[in-house]
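Listed below are the residues making up each chain.
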Amino acid sequence: MMRKQYTSAFKAKVVQELLKEEKTLAQIASEYEVHPTQLKNWRAIALEGMSSLFEKQDRAVELKAAYEQQLTELYAEIGKLTTQVTWLQKKCQI
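Residues numbered from 1 in each chain as written. Predicted model: local features only at pLDDT ≥ 70, side-chain atom pairs only at ≥ 80, totals over all residues. Heavy atoms only, no water.

Enquirer: Please give an account of the overall build of the protein chain that cites residues and values.
Expert: Helix and strand counts for the protein chain stand at 3 helices and 0 strands. Starting at the N terminus, the α and β elements of the protein chain follow one another as α-α-α. Since a compact globule built from 94 residues should have a radius of gyration of about 12 Å, the 28 Å found for the protein chain marks it as more spread out than a globular shape. With the C-alpha coordinates aligned to their principal axes, the bounding extent of the protein chain is approximately 90 × 30 × 15 Å. (Helix = DSSP H or I, 4+ residues; strand = E, 2+ residues; numbered from the N terminus. Rg over C-alpha atoms; globule rule 2.2 N^0.38 Å.)

Enquirer: Tell me about the layout of surface pockets, and please be specific about residues and values.
Expert: Gaps between atoms show up when a probe of the same size as a water molecule is rolled over them. Put simply, the largest pocket is a space of about 240 Å³. Around the largest pocket sit R3, K4, Q5, Y6, K11, E33, V34, H35, Q38 and W42, which together line it. When grouped by side-chain class, the residues that make up the lining of the largest pocket number 3 nonpolar, 3 polar and 4 charged. (1 Å grid on protein atoms, 1.4 Å probe; cavity = no way out; pocket = protein on both sides within 12 Å on 5 of 7 lines; lining within 4 Å. Points joined across faces, edges and corners; volume = space filled by probe spheres on them. Nonpolar A, V, L, I, M, F, W, Y, C, P; charged D, E, K, R; others polar.)

Enquirer: Which residues make up a nonpolar patch on the surface, and what values do they have?
Expert: On the surface, L19, L47, M50, L53 and F54 cluster together into a nonpolar patch covering about 470 Å² of accessible area. In terms of residue count, helix 3 (residues 36-92) provides more of the nonpolar patch than any other element does, 4 residues in total. In this fold, M50 is placed in helix 3. Residue classification places M50 among the partly exposed positions, given a relative accessible area of 35%. (Patch = residues over 30% accessible without salt bridge, like charges linked within 9 Å, V, L, I, M, F, W, Y side chains within 5 Å. Areas by Shrake-Rupley, 256 points an atom, 1.4 Å probe, with all protein chains shown as cover. Salt bridge = Lys/Arg side-chain N within 4 Å of Asp/Glu carboxyl O. Buried < 20%, exposed > 50% of the residue type's maximum accessible area, 1.4 Å probe, protein only.)

Enquirer: Requested: an account of the packing of aromatic side chains, with residues and values cited.
Expert: For the structure on display, the rule yields 4 aromatic pairs. Measuring from centroid to centroid gives 5.2 Å for Y6 and F10, while their planes differ by 15 degrees, and the two rings are stacked. By relative accessible area, which is 25% here, Y6 ends up partly exposed. Ring geometry for F10 versus Y32: centroids 5.8 Å apart, planes at 75 degrees, classification edge-to-face. Pair noted here: F10 is in helix 1 (residues 8-20) and Y32 is in helix 2 (residues 25-32), with a separation of 22 residues, a long-range link. Relative accessible area serves as the criterion here: at 21%, F10 is assigned to the partly exposed category. By way of ring pairs, the aromatic residues Y6, F10, Y32 and W42 are connected into one cluster. (Phe/Tyr/Trp six-rings, centres within 6.5 Å; stacked < 30°, edge-to-face > 60°.)

Enquirer: I'd like a rundown of the pattern of salt bridges, residues and numbers included.
Expert: For the coordinates displayed, the defined rule picks out 2 salt bridges. For K23, the salt bridge identified is with E17, shortest N-O distance 3.6 Å. Take K23: its relative accessible area is 33%, and that puts it in the partly exposed class. By relative accessible area, which is 13% here, E17 ends up buried. With its nearest N and O atoms 2.6 Å apart, the salt bridge here joins K23 to E31. Several salt bridges converge on common partners, so that one network encompasses E17, K23 and E31.

Dropping the structure here:
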């Protein structure tokens, strides 16, 4: 017997239905034709991983700030080098 394969979108939809708590676990299992134990596992995975969703957002903010800081430093370095090149060009023309 071949095992059923569920897409992540399907799992997310079912877990959202579970979290609403408008229907019992048995009702949702029957409606989506998924074993109740499997539904419990999916819900546990979703709840366990939920905090990482917010960590990713925090990490993105940190990366953006670091990128902007590095960009500012590089532009400052470009300005400094441009000034030095201009000065050297003037000195070499004498």
